[in-house]
Structures are given as C-alpha cells and as structure tokens.
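# Residue-level structure breakdown
Chain by chain, the residues run as shown.
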Amino acid sequence: MAWTRDEMAVRAARELKDGFYVNLGIGMPTLVANHAGDLDITLQSENGMLGMGPFPFEGEEDADLVNAGKQTVTELPRTAYFSSADSFAMIRGGHMNLSILGAMEVAGNGDLANWMVPGKMVKGMGGAMDLVAGTPRIVVMMEHCDKAGNPKFVPVCTLPLTGRNVVDVIITDLAVFERADRKGAPFRLIEMAPGVTLDEVRRRTTARFETCG
Amino acid sequence: MASKVYPNADAALDGLLFDGMTIVSGGFGLCGIPENSIAAICRAGVKGLTVVSNNAGVDGFGLGLLLEARQVKKMTASYVGENREFERQYLAGELELEFAPQGTLAERIRAGGAGIPGFYTRTGVGTLVAEGKPVMEFDGEPFILERGIVGDLAIVKAWKADRFGNLLFRKTARNFNPMAATAGKITVAEVEEIVADGELDPDCIHTPSVYVQRLFVGSFEKRIEQRTVRKREAA
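Residues numbered from 1 in each chain as written. Chains lettered and ligands numbered in written order. Predicted model: local features only at pLDDT ≥ 70, side-chain atom pairs only at ≥ 80, totals over all residues. Heavy atoms only, no water.

A tally of helices and strands in chain B yields six helices and eleven strands. In terms of C-alpha radius of gyration, chain B reaches 18 Å, essentially the compact-globule figure of 18 Å for 235 residues. Counting only C-alpha atoms, chain B reaches 55 × 55 × 40 Å along its principal axes. Here chain B holds 235 residues, and the buried ones make up 53% of them. Of the contacts made within chain B by residues no fewer than 6 positions apart, 71% connect residues no fewer than 24 positions apart. The centroid of the 27 positive side-chain charges in chain B is displaced by 3 Å from the centroid of its 30 negative side-chain charges. (Helix = DSSP H or I, 4+ residues; strand = E, 2+ residues; numbered from the N terminus. Rg over C-alpha atoms; globule rule 2.2 N^0.38 Å. Buried < 20%, exposed > 50% of the residue type's maximum accessible area, 1.4 Å probe, protein only. Contact = heavy atoms within 4.5 Å. Lys, Arg positive; Asp, Glu negative; His and termini not counted. Charge placed at Lys NZ, Arg CZ, Asp CG, Glu CD.)

Below is the structure:
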C-alpha cells in the first residue's frame, strides 16, 4: 500500500528538528506543518514573513497577510515581517535549516527539476531556485511516478533544472531515499511504505540507488 | 519645497509616462500592489512598456489590465501563473518574458536602487537562468553575475505615509515595495492614509522619504487571490 499524501507529510515531518527555521513549498509540502507535533518550528514564507500561523477563521481574512501561495494566513506572537530582499537574504545566506519542496524530477546526482515544462507550463520558478541554492538541507516530496506512470526519480533530469546537486532526501508515496552528502554519495533506499516491495520500487525507479544491508 | 502630495493617481503620474519606458512595481501576487497607479497607467494608454514585477497580476486586475490592453512589451518576473492572457500572449510570441528567480529579482531591484550595477549569486547556477551570464568562482564555487535594475518609474503601495514621503508598509503587503521604491528614477507611492507630521515613529519607518517623489491616497480593492480559512472549533 502506497502512502497517502498525509502519510507522506507525517514522514516528512520526521525531518524536522526542534528549533528549526523551515520553508515549506507550495502544495503537498504545506501539509507537513500539521504534523510538527511538540517540535518548536518557525515557518518562513518567502514573500516576507517568519512565524507563519494557520489559516484565519472565516471572516478574519486579511488581504495584507498571505503566504507564498497567496493564501490568507495568520500571525503568531513570534512573527516578523520583512521585505522580499531581506527574505531571500535569509534564504540565500543559508540561515534556514530546511526546505521541503515538490518536484517533477529528481536525478540520482541530486539535480532537481520542478519549475517548467517547455512549451507547456509557463509559470516561473518563483523562489524555488533561491531556496535550493541557499538552504543546507532540501527534502523533496513527490509522487513516485507521474500521471502517465513514468518514474520521477531518474538517472538524468530531462526537464529544465531548478538546481544542480541540491536534493538530500526524497519522500515518495512508495519509499524514502537519502544520501549522506552532496559530494558524490549515492542515494540509498532507507524506507518503504508498508507492503511495498523492493522489486516494485526498482521497477518504478530509473535512477540508480543503493539499498540497506 | 513643492508638495509631494497629489490628489489622485492620474495627477501623480501626470508628465511621467512615455512609450517604451521601464516601470518597476511593488507587490506579491495581488498583495500590496499599486492598484491605483496601474489603473491610471492603463487609462493613460502608454505602450511598449517593460514591466519589472514579481508577478503579472491576474486576468482583469493588477498588471493583468496592462497586459489585456497590450501595453506591455516585456515582463521581468519570477512567477506568472494565474494569468491566462499572459500565457496566451507569451506562447503566441507577442510578449517578451524574462524569468528571474524571486530572490535574484528582489536583489536586482535592491542593487539597482543602491547604485550597484551587478552582483554574484549562487542562485540559478547550472540552469537556464545562467545562460549567457558571466560565471566567477569564489572559494572554489561557481556564481553567476546578475544585473541591478533601475526603472524610469517605480510604483509602490504603502499603508501609511507622512506628507514628506516616509512610508510604512503593513504585514506581507511590504514584499517588493521597499526595494521598488529605491529603484525608480521617479517613485510614486500610493497609500491608504497620510498621517499628521510626527505621527510616524522615526525608528519604525520602512522607506525613508528621499526615495519617494510623489504620493497620493488611493482607494483599494485589495483583492484576495486564495481565500483560505479554518473552521472554528465548536464551543
């Protein structure tokens, strides 16, 4: 049985450590915030906010208070606001502990593609290139295969890159891969969803990876 | 000194607009956008504009108005989703587009306003963004050269101002506005309120008055792009 999106978020939340400053990408990664438990985590929103709170109660939405996905959010006692330049100074400067992002493709060498499908999707990279360039630890959450069933953990990215050699952990609906460093260490399969076999993971992965034991 | 305060957007922009000009705009999505100035630029009908803004508005609002009126020749932005007319014009080859990573864009505008013509960054190394840009190694790592941006005009939206042009922004409506304010040869600020002299705490001013040449009190629709709420727990 593959993990659900929520179960993937529970697994991704295990990458959090007490006291971390974290940026969660738009989409599935935002679910991770629901599973931080007792950990003291400060969420950054790259449009200019540290200490992002939950969605507002109905009727309390504030057009001046949105997250990077343009969703209405709330502030917390610890909240600080700042400009986009300050926001990316803290990202590019390596002051965030962790970022969790979605992906279209991840390559065995840690390359990430998550912003563009040539000729089809013209939206832009937003802050993703800055996040992967500056954040010391990048966790990717993605479906193991795309809608057509093609593997997304691949030998070489075919889509335009967001960053080279930037991914540390990959969490899919089937499995978790991790690598020890960004200096050539291979990705290693460290967990599988309950009932998922190594055979199935191999069949649905074209990137090379190591297994435990 | 002549007053910096104008009665409305049309008056504040009078004499500043011309075809082919570069306009730097504050705002993130529809949050903190100078919606009054954008509407006035639309009314003025100037064409061939280069617009520098993180986003391109939505269909029918914000910078989307200028796109629909075919006033924009080139857009520099980090994210242009949510705008079908933009996508259509771009894919049809009617609109030039320069994608800049959001942090790079913010820093390019900041640098331009600070008199810095270029800077090196790690962001975008080895990607499409790096194409054609000089690469320099620092401590064994590659960085790409990015250029500062200065506009003929900057348009920004602030919460409060005094008549001297000191600005205060509110919550995440600050975003690109402080940098944009520094990066115009002329900067026009639209605000919700102009307060009495001395009412702004000098320790808390976000944009000092030197960057602002003209200002006016606007009327704001403040459209919300994604209205997300949570349920109240039952009492």
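Here the narrative resumes, following the displayed structure.
Moving on, we get to the side chain of Thr-172 of chain B. For Thr-172 of chain B, the location among the structural elements is in the loop between strand 9 (167–168) and helix 6 (177–182). For Thr-172 of chain B, a relative accessible area of 1% translates into the label buried. Among the polar contacts listed, one links the side chain of Thr-172 of chain B to the backbone oxygen of Asp-64 of chain A, at a separation of 2.8 Å. Dropping the residues within four chain positions of it, Thr-172 of chain B is found in contact with Asn-47, Gly-48, Met-49, Asp-64, Leu-65, Val-66 and Tyr-81 of chain A together with Cys-31 of chain B. (Polar contact = N/O pair within 3.5 Å; in protein donor to acceptor, adjacent residues only side chain to side chain.)

Any two side chains of opposite charge can pair, so long as their charged atoms come close to each other. Summed over the entire model, instances satisfying the criterion amount to 31 salt bridges over all chains. Put simply, Glu-15 of chain A and Arg-11 of chain A hold a salt bridge, and the shortest N to O gap is 3.0 Å. Residue Glu-15 of chain A is classed as buried on the basis of its relative accessible area of 10%. Taking the relative accessible area as the measure of exposure, Arg-11 of chain A reaches 6% and is therefore buried. In this structure, Arg-110 of chain B and Glu-107 of chain B form a salt bridge, with 3.0 Å as the shortest nitrogen-oxygen distance. Within this pair, Arg-110 of chain B and its partner Glu-107 of chain B are both found in helix 5 (residues 102–113), separated by three residues, close to a single helical turn. On the basis of relative accessible area, Glu-107 of chain B is assigned to the buried category, the value being 14%. Via salt bridges that share partners, Arg-11, Arg-14, Glu-15, Arg-137, Glu-178 and Glu-191 of chain A belong to a single interconnected network. (Salt bridge = Lys/Arg side-chain N within 4 Å of Asp/Glu carboxyl O.)

The biggest cluster of nonpolar side chains holds 55 residues, and the ones touching the most others in it are Val-32, Val-106, Leu-112, Met-141, Phe-153, Ile-170 and Phe-177 of chain A. Not counting residues within four places of it along the chain, the set of residues in contact with Ile-170 of chain A comprises Val-106, Val-140, Met-142, Phe-153, Ala-175, Val-176, Phe-177 and Phe-187 of chain A. Membership of the second largest hydrophobic core comes to 36 residues, among which are Trp-115 of chain A together with Met-21, Val-129 and Leu-153 of chain B. (Core = buried A, V, L, I, M, F, W, Y, C linked by side-chain atoms within 4.5 Å.)

What follows covers the packing of aromatic side chains. One pass over the full model with this rule turns up six aromatic pairs over all chains. With 5.1 Å between their ring centres and 70 degrees between their planes, Phe-177 of chain A and Phe-209 of chain A make a pair best called edge-to-face. Of this pair, Phe-177 of chain A sits in strand 11 (residues 175–178) while Phe-209 of chain A sits in the loop between helix 4 (198–203) and strand 13 (210–211), and the two are 32 residues apart along the sequence. We note that Phe-177 of chain A, like Phe-209 of chain A, is buried. When the ring centre of Trp-159 of chain B is taken as origin, the NZ or CZ atom of Arg-170 of chain B, which lies over that ring, is 6.0 Å away. (Phe/Tyr/Trp six-rings, centres within 6.5 Å; stacked < 30°, edge-to-face > 60°. Lys NZ or Arg CZ within 6 Å of the ring centre and 35° of its normal.)

With that settled, consider the confidence of the model for chain B. Model confidence for chain B is summarised by a mean pLDDT of 96, while 99% of its residues fall at 70 or above. Both scores are available for the predicted complex, with the pTM at 0.96 and the ipTM at 0.96. (pLDDT = per-residue confidence, 0-100.)

As a further point, take helix 4 (residues 84–91) of chain B. Residue and element names in this part refer to chain B. Taken together, the buried positions of helix 4 are Glu-85, Phe-86 and Gln-89. Taken around the axis of helix 4, the buried residues stretch over an arc of 100 degrees, which confines them to a single face. Residues of helix 4 that are buried make contact with helix 3 (64–68), strand 3 (72–77) and strand 4 (96–99). Looking one or two places after helix 4, you find Gly-93, whose phi comes out positive at around 75 degrees. (Arc of directions from axis to C-beta.)

Before going further, it helps to spend a moment on the packing of helix 2 (residues 84–92) of chain A against helix 5 of chain B. Relative orientation of the contacting elements helix 2 of chain A and helix 5 of chain B amounts to 125 degrees, with a least axis distance of 9 Å. Judged by the inter-axis angle, helix 2 of chain A sits oblique to helix 5 of chain B. Considering the relative orientation of helix 2 of chain A and helix 5 of chain B, their crossing is left-handed. Of the residues in helix 5 of chain B, those in contact with Ser-84, Ala-85, Phe-88 and Arg-92 of chain A of helix 2 of chain A are Gln-102, Gly-103, Thr-104, Ala-106, Glu-107 and Arg-110 of chain B. Partitioned by chemical class, the residues of the contact of helix 2 of chain A with helix 5 of chain B number three nonpolar, four polar and three charged. (Axes fitted to C-alpha atoms, helices over the stretch in contact; angles between N-to-C directions. Parallel < 35°, antiparallel > 145°, perpendicular 65-115°, else oblique. Left-handed = near helix turned anticlockwise from the far one by under 90°. Nonpolar A, V, L, I, M, F, W, Y, C, P; charged D, E, K, R; others polar.)

Another point: the sheet that holds strand 7 (residues 112–113) of chain A. Residues and elements named next belong to chain A. Ordered in space as 7-6-9, the three strands form an open sheet in which the pairing is mixed. Each end of this open sheet is capped by a strand with a single partner; those strands are strand 7 and strand 9 (153–154). Pairing of strand 6 (residues 105–107) with strand 7, which is carried by two bridges, proceeds in the antiparallel orientation. Note on strand 7: the bridge partner recorded for Glu-105 is Ala-113. (Pairing = 2+ DSSP bridges.)

Let us now look at the side chain of Thr-135 of chain A. Position of Thr-135 of chain A relative to the elements: it lies in the loop between helix 3 (128–134) and strand 8 (138–141). Dropping the residues within four chain positions of it, Thr-135 of chain A is found in contact with Ile-91, Met-96, Asn-97, Leu-98, Ser-99 and Arg-182 of chain A.

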